[in-house]
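# Topology and contacts: notes
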Amino acid sequence: MSNVRLEDIVERLQHNNPEADVDLVRRAYIFSARAHQGQTRLSGESYLIHPLDVAKILAELKLDAATVAAGILHDTIEDTTSTTEEIQSLFGDEVAKLVDGMTKLSRIELQSREEREAQNFRKMIVAMSNDIRVILIKLADRLHNMRTLKFLSPEKQKRTAQETLDIYAPLANRLGIAKIKTELEDLSFMYLHPEEYREIADKVIQKRLERQAYIDELIEIVKRQLAEHGYKGDVKGRPKHLYGIWQKMQKQGISFDDVYDLIAVRIITDTKVNCYAILGLIHSLWTPVPGRFKDFIGVPKSNLYQSLHTTVIGPKGERVEFQLRTEEMHRLAEEGIAAHWRYKEKTALSQREEQQFAWLRQLLEWQSDLTDAKEFMDTVKGDLFPDVVYVFTPKGDVRELPQGSTPVDFAYAVHTDIGHQCVGAKINGKIVPIKYVLRNGDRIEVITQTGHTPSRDWLKFVKTSKARTRIKAWVKTEERRRSILLGKELLDKDLRKHELSPSKVFKSNDIHRVAHEMSHNTVDDMLAAIGYGKVSAHMVANKLAPDRPHTEPLPKKPLKKPAPEKKGAGGGMKIGGMDQMLFHLSKCCSPVPGDKVVGFITRGRGISIHTLDCPNVADMTVDKERMVEVTWGEFKSGAHAVKISVLTRDKPGILASVSSSISAAEANISHAEVTTGADKQASLNFTIEISDVEHLNRIIKSIASVDGVMDVRRVKAG
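Residues numbered from 1 in each chain as written. Predicted model: local features only at pLDDT ≥ 70, side-chain atom pairs only at ≥ 80, totals over all residues. Heavy atoms only, no water.

This next bit is on the pattern of salt bridges. Oppositely charged side chains can pair when the atoms bearing their charge come close. Applying the stated criterion across every chain, the model contains 25 salt bridges. Between D8 and R5 there is a salt bridge, with its nearest N and O atoms 3.0 Å apart. Assessed through its relative accessible area of 47%, R5 is described here as partly exposed. Here E7 makes a salt bridge to R26, at a shortest N to O gap of 2.6 Å. Here R26 lies in helix α2 (residues 22–35) and E7 lies in helix α1 (residues 6–16), a separation of 19 residues in the sequence. By relative accessible area, R26 is classed as partly exposed at 31%. In this structure, a network of salt bridges that share partners links the residues D64, E94 and R133. (Salt bridge = Lys/Arg side-chain N within 4 Å of Asp/Glu carboxyl O. Buried < 20%, exposed > 50% of the residue type's maximum accessible area, 1.4 Å probe, protein only. Helix = DSSP H or I, 4+ residues; strand = E, 2+ residues; numbered from the N terminus.)

The following block contains the structure:
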């Protein structure tokens, strides 16, 4: 049973800020007590206990009086007859907005758990745009609910614990609030895996009792050494939290007995310089374990966490982890964003604080870009978990990206346009492909090409939410554009069958009327639906077919054919039974005039043209009705991109020689990648522009004649 008192909260508030408006908090308490009178929780306690505990957590985070008052009032609008207007008149705009923000987070009813979680999370992100304190109140609310979860049914316990582990604990971590994050994780762990929780908890207590003398001895050694060298430092042993131990066991596939650093020794000193000086002292006393040193002071985490971490072989050969930080770093590590979110002073944010809020603004961008809440949830989840790699820009600035990120992820992190136009990168001065996986310490320079556009294939390897979101948005826009073109092509054809002039129909009001009749906001929406295959062009044409004032019979003479050079439609391909159809040459096999080809009707992108030997054609034969016979028409020469792969001996000047042979065959190189191996061989991959298969054969013959070339072939997939 909770025994929190109002005076405890007031005392904590005044301790943090002697000028705090404690009268506001007292009035909030009286109002909340009256509003919740007669209400009880499942535990049997007075309902008022919950808002008081929430307020206490907020006061412990050193938040201001308005936030603490809002914590006391956070359920009054949701669970009592109180109104926002009433709160506003009694406590002012600031408190009212915070309470209203919390209320809006709660009012939602959706069908599935996934939808509910996704939509709730989305609403939290939107709430951040108004005031980050709404989320801090929500985290405090969830923490107290987790502390009292035992009074719910087992099913609700597991559901709430899973949601907490998926959303709230990572969010607390991303906001840098370690003490809330670790408690949420341990409480969730207790309900989701009760047996494992009890087993690890018992072993930790047992091992701590066994090792207490060792830990005390270790701390005394460190204290004595600090005093001898004149360093200030508060030294304490800190047991690792249970969920963290269990995670390590799962990730590394080890038993509890194989988890060495169950205890971390934390040293809190006075200056940043002394953090490094004490690190040197620790390393002079005991041998550091290679690969276990992390400098989060020089390169802070994205949530602004700063500390030095090192693991050493301590007394008696046991591994011990040390964490070194200043008092200010410790405060930021424990309280995170709450520790430096300035309200009363309204002073400008520092560069480091702006860095943290940039992540919050990024979340807001994602939520506005993605209309589907579930997709937004999946996108953001990847950025809530902090396995990261640190890379350097050409100017030496540090960038933090998720592990597994590629040059494309980095390019989008710099700017959307840089991402769209990325064709490769230089890592530490060497050209690498766009799929290269970035490593800690890499210095990266993005190579761009004006007019280059993203590929759907990039979605297979990018890691960051920003890259994924921007690529999807571009693909979606491009697919819609193509679908509108295809829809218009199909509708034009059906209108002509009714002897209607497409140009006059599209200028009439009737086409807008038909679009609205078919539940489309615009004519373009209707054309896109035709292109996607959701609406029949024949059906639309029939609705426009009856004689109307705007329609006139077409002349009986044959229509003039469009110019053969019309991009994406017309004379470039002869498509059986479908004149002037929108088409595109598939990137998987890059067909060129002279190849034997086949067409496939896509949903939304017209006819996709593939070579007969393309690996993807086998998959298409499942839906034979969508396959069409196509033959080459007239194409503008020199306009077709193909990929070729050249295997050579790795020797000086080989790239220049091969490039010269391609130029000699009158072809343009639009992209080149070079990979060298330990076997003294080099793989040269080119994208070149050719006119037809005959031209390609001349190029291949020219390359094959170069001294050092072992093999040259056209790449038809990938």
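Read on for the rest.
Now for the sheet that holds strand β11 (residues 444–448). Here three strands make up an open sheet; going across it, the order is β10-β9-β11 and the pairing antiparallel. At either end of the open sheet lies a strand with only one pairing partner, and these are β10 (430–432) and β11. Each neighbouring strand pair of the sheet contributes to a mean axis angle of 35 degrees, computed without reference to strand direction. Sheet strands touched by helix α17 (residues 407–414): β9 (422–427), β10 and β11. Its angle to β11, the strand with the most contacts, is close to 85 degrees. (Pairing = 2+ DSSP bridges. Axes fitted to C-alpha atoms, helices over the stretch in contact; angles between N-to-C directions. Contact = heavy atoms within 4.5 Å.)

Tallied over the full model, the rule gives seven aromatic pairs. Note on Y243 and W246: the rings are 6.0 Å apart at their centroids and 35 degrees apart in plane angle, and the pair reads as tilted. You can see Y243 and its partner W246 sitting in helix α12 (residues 242–252), three residues apart, about one turn around the helix. Side by side, Y243 and W246 carry an identical accessibility label, which is buried. A network of ring pairs unites the aromatic residues F189, Y197, Y243 and W246 as a single cluster. (Phe/Tyr/Trp six-rings, centres within 6.5 Å; stacked < 30°, edge-to-face > 60°.)

So, on to the confidence of the model for the protein chain. Residues with a pLDDT of 70 or more make up 80% of the protein chain, whose mean pLDDT is 80. Per-element confidence in the protein chain ranges from a low mean pLDDT of 56 for helix α15 (residues 351–369) to a high of 94 for helix α13 (residues 272–285). Segment residues 107–111: pLDDT under 50, and nine contacts once partners within four positions in sequence are set aside and those in other chains are kept. Note that pLDDT drops below 50 for residues 342–348; the model gives that stretch 10 contacts with residues more than four away or on any other chain. (pLDDT = per-residue confidence, 0-100.)

Pairing is antiparallel across the open sheet formed by four strands, whose spatial order is β19-β20-β18-β21. Unpaired on one side and paired on the other, β19 (668–676) and β21 (709–715) mark the two borders of the sheet. Between one strand axis and the next, the sheet turns through 20 degrees on average, direction left out of account. Of the strand pairs in this sheet, strand β18 (residues 640–649) and strand β20 (residues 681–690) are connected by 10 bridges, and their pairing is antiparallel. Its bridge partner lying in β20, L647 is registered against S683.

With that settled, the discussion passes to the side chain of S405. Tracing the backbone through its elements, the reader meets S405 in the loop between β8 (398–402) and α17. Overall, S405 belongs to the buried group, its relative accessible area being 0%. Within polar-contact distance, the side chain of S405 engages the backbone oxygen of P402 at 2.6 Å. Each residue touching S405, except ones within four places of it in the same chain, is listed here: Y436, V437, L438, K463 and T464. (Polar contact = N/O pair within 3.5 Å; in protein donor to acceptor, adjacent residues only side chain to side chain.)

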